Amino acid sequence: QVQLVESGGRLVQAGGSLRLSCVVSGPPLSRFAMGWFRQPPGQEREFVATIGRGGFTSYSGLVKGRFTISRDDDKNTAYLEMNSLKSEDTALYYCAATFASADSRSSTYDYWGRGTQVTVSS
């Protein structure tokens, strides 16, 4: 019913920038609050950023000031703009959607993409 597809992940040098996209199909994006999470190799999944239906955003302290989450409801697409990338940002990045209010808990999100790999070389 609800499908999320991430794209944009690739190998990038430290200090570089990258923009991830998440296309939502089924209900329109406007129905959802959205989140980005990531899972470094061998580590647990962690919160990155969220954006509510009205555009309110929240960020992990690990990325605040470097990453920007946004949404374009007309295109049914959420984005994660990543700047000043560090090797510690290397992870499989997931987008997620919820009909509930956005928060940092992965359990809040009912729908997940398959992930897109971001690898930052130093």
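Everything discussed here concerns the structure shown above.
Residues numbered from 1 in each chain as written. Predicted model: local features only at pLDDT ≥ 70, side-chain atom pairs only at ≥ 80, totals over all residues. Heavy atoms only, no water.

A. Examining the environment of S122 more closely. As for its placement among the helices and strands, S122 is situated in the segment after β11 (116–121). We classify S122 as exposed; its relative accessible area is 93%. Taking C-alpha positions, S122 is 39 Å from P28, a pair spaced 94 residues apart along the chain. Dropping the residues within four chain positions of it, S122 is found in contact with A14 and S87. (Helix = DSSP H or I, 4+ residues; strand = E, 2+ residues; numbered from the N terminus. Buried < 20%, exposed > 50% of the residue type's maximum accessible area, 1.4 Å probe, protein only. Contact = heavy atoms within 4.5 Å.)

B. Structural view of the sheet that holds strand β3 (residues 18–25). Spatial strand order, β1-β3-β8-β7: four strands in an open sheet with antiparallel pairing. Looking at which strands have only one partner, the edges of the open sheet turn out to be β1 (3–7) and β7 (67–72). Ignoring strand direction, the axes of neighbouring strands in this sheet form an average angle of 15 degrees. In terms of strand pairing, β1 meets β3 through five bridges, oriented antiparallel. Counterpart to V5 in the pairing with β3 is V23. (Pairing = 2+ DSSP bridges. Axes fitted to C-alpha atoms, helices over the stretch in contact; angles between N-to-C directions.)

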